[in-house]
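Examining the three-dimensional arrangement
Next come the chains, spelled out residue by residue.
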Amino acid sequence: MKISRRDPGADIPGFAAFERTFWYPFGKRRFRIDHGKDSLRFFGPDSARFVALEDGRVVGTLALSPSRRYLGDLKILPSARGSTTLARLARAAMNAFPDIGSAYAVVMDGTEVTPDAYSGRAGFPAMKPLARFTVLRVEGAAPSDAGRARITHTRDSKRLYWDDGTEMLNAHLKGPATPESILEAAGLAAHEGFPALLAAVPEEKAAGVAGRLAPLSVSLAGATVYGFGWADGTEWAIETAEV
């Protein structure tokens, strides 16, 4: 097995087909991610992707953005699990950025294996749960460009597809997630051609926020922030466009 580092803009033969085999839960449905030809554009210009190759075939990958301290896109084919693939990917990432000090990952509920199960060995610092969030997917808003809400999208660097093959079209809320900002942003998303808005709120506030979004349709999916090197008591706020 060979571990190869790829920087932004680098083509990875076979990566698109590899990525299509991985699915993620969202409520009762599943989706997959397509990062496009430049698979690191989403992670930023200083990021790197570490790719495990077996006879020239992609069997595992891990991406790391040192400026964002974001660790993501860990994928390993079932045939390579239980081997040294994860350890070698993690070691390559930590060796490439030895001064990173801390990093985090966001994992959707229902993910088969979470970071606390595979970190803490082979040079990969132990990651522990740091915060819980609920991702709200809000649909049914009337188009409106009123208000001060801000939204963004990731379609230039990452697209999502449902398990029926249709694209999961979402805009993402920028800034604090309150019932008022979510309602305004959902209207703006519809105005700009996005049928749904994604926003993340602390788990303990999710039910209250969702209850104030009527009559819009709201789907909920839980997520956990895992990390290493963070001080106890660190306050977390995440935006869905960043993960």
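The notes below deal with the structure included here. All chains use their own residue numbering, which begins from 1 and follows the written sequence. The predicted nature of this model means local features are confined to residues of pLDDT at least 70 and side-chain atom pairs, given and counted, to a pLDDT of 80 or more, with totals for whole chains, interfaces and linings taken over all residues. Excluding hydrogens and water, the side-chain values take into account all heavy atoms of the structure.

1. Some thoughts on the nonpolar core
- To qualify as a nonpolar core, a set must consist of buried Ala, Val, Leu, Ile, Met, Phe, Trp, Tyr and Cys residues joined through side-chain atoms within 4.5 Å. Burial classes follow relative accessibility: with a 1.4 Å probe on protein chains only, a residue under 20% of its type's maximum area counts as buried, one over 50% as exposed, and anything between as partly exposed. In terms of nonpolar packing, the biggest core is built from 58 residues, with F26, F31 and V225 touching the most fellow members.
- Working definition: helices are DSSP H or I runs of at least four residues, strands are E runs of at least two. Numbering for both runs from the N terminus. For this core, the element with the highest residue contribution is strand β7 (residues 103–108), accounting for six residues.
- What makes two residues a contact is simply this: any of their non-hydrogen atoms within 4.5 Å. For F31, the contacting residues outside a window of four places in its chain are F22, W23, Y24, P25, F26, L160, Y161, W162 and M168.
- Within the second largest apolar cluster, 21 residues are counted, among which are A141, A171, A186 and L213.

2. Observations regarding helix α5 (residues 203–211)
- Of all the residues in α5, the buried ones are A206, V209 and A210. Seen end-on, α5 carries its buried residues on one side only, within an arc spanning 90 degrees. Among the exposed residues of α5, those oriented more than 90 degrees off its buried face are E204, K205, A207 and G211.
- Where α5 is buried, its residues touch β8 (128–139), α4 (179–191), β12 (196–202) and β13 (217–228). Directions drawn from the helix axis to the C-beta atoms are what define this arc.

3. Here's the deal with the sheet that holds strand β2 (residues 24–26)
- Here, any two strands with at least 2 DSSP bridges between them count as paired. Taking strand neighbours across the sheet as the criterion, the three strands line up as β2-β3-β10 in an open arrangement whose pairing is antiparallel. Looking at the sheet topology across the chains shown, the edges are occupied by β2 and β10 (159–162). The mean inter-strand angle of the sheet, taken between neighbouring strand axes irrespective of direction, is 40 degrees.
- Sheet topology places β2 next to strand β3 (residues 29–34); three bridges connect them, and they run antiparallel. The residue bridging P25 from the neighbouring strand is R30, located in β3. Every axis corresponds to a line fitted to the C-alpha atoms, with the helix fit spanning only the stretch in contact, and the corresponding angles, defined between N-to-C directions, vary from 0 to 180 degrees.

4. Observations regarding the side chain of S119
- Its location among the elements puts S119 in the loop between α3 (115–118) and β8.
- A polar contact of 2.7 Å, which involves the side chain of S119, links it to the backbone oxygen of P115.
- We define a polar contact as two N or O atoms separated by no more than 3.5 Å, with the added condition that, inside protein, one atom must be a possible hydrogen donor and the other a possible acceptor, whereas residues neighbouring each other in sequence contribute only through side-chain atom pairs. Polar contacts involving the side chain of S119 include one to the main-chain amide nitrogen of M127, which spans 2.8 Å.
- Each residue touching S119, except ones within four places of it in the same chain, is listed here: F124, P125, A126 and M127.

5. Comments concerning the pattern of salt bridges
- One side-chain nitrogen of Lys or Arg within 4 Å of one carboxyl oxygen of Asp or Glu is enough to make a salt bridge. One pass over the full model with this rule turns up 14 salt bridges.
- The residue E139 makes a salt bridge to R137 at a minimum N-O spacing of 3.3 Å.
- Using a relative accessible area of 27% as the deciding quantity, one classes E139 as partly exposed.
- Residue R137 is classed as buried on the basis of its relative accessible area, which comes to 6%.
- When the shortest N-O distance is used, the salt bridge between E239 and K174 registers 3.7 Å. Taken together, the positions of E239 in the segment after β13 and K174 in strand β11 (residues 171–174) put the pair 65 residues apart, joining distant regions of the chain.
- Overall, K174 belongs to the partly exposed group, its relative accessible area being 30%.
- A single salt-bridge network, built from bridges that share partners, covers E19, R49, D73 and K75.

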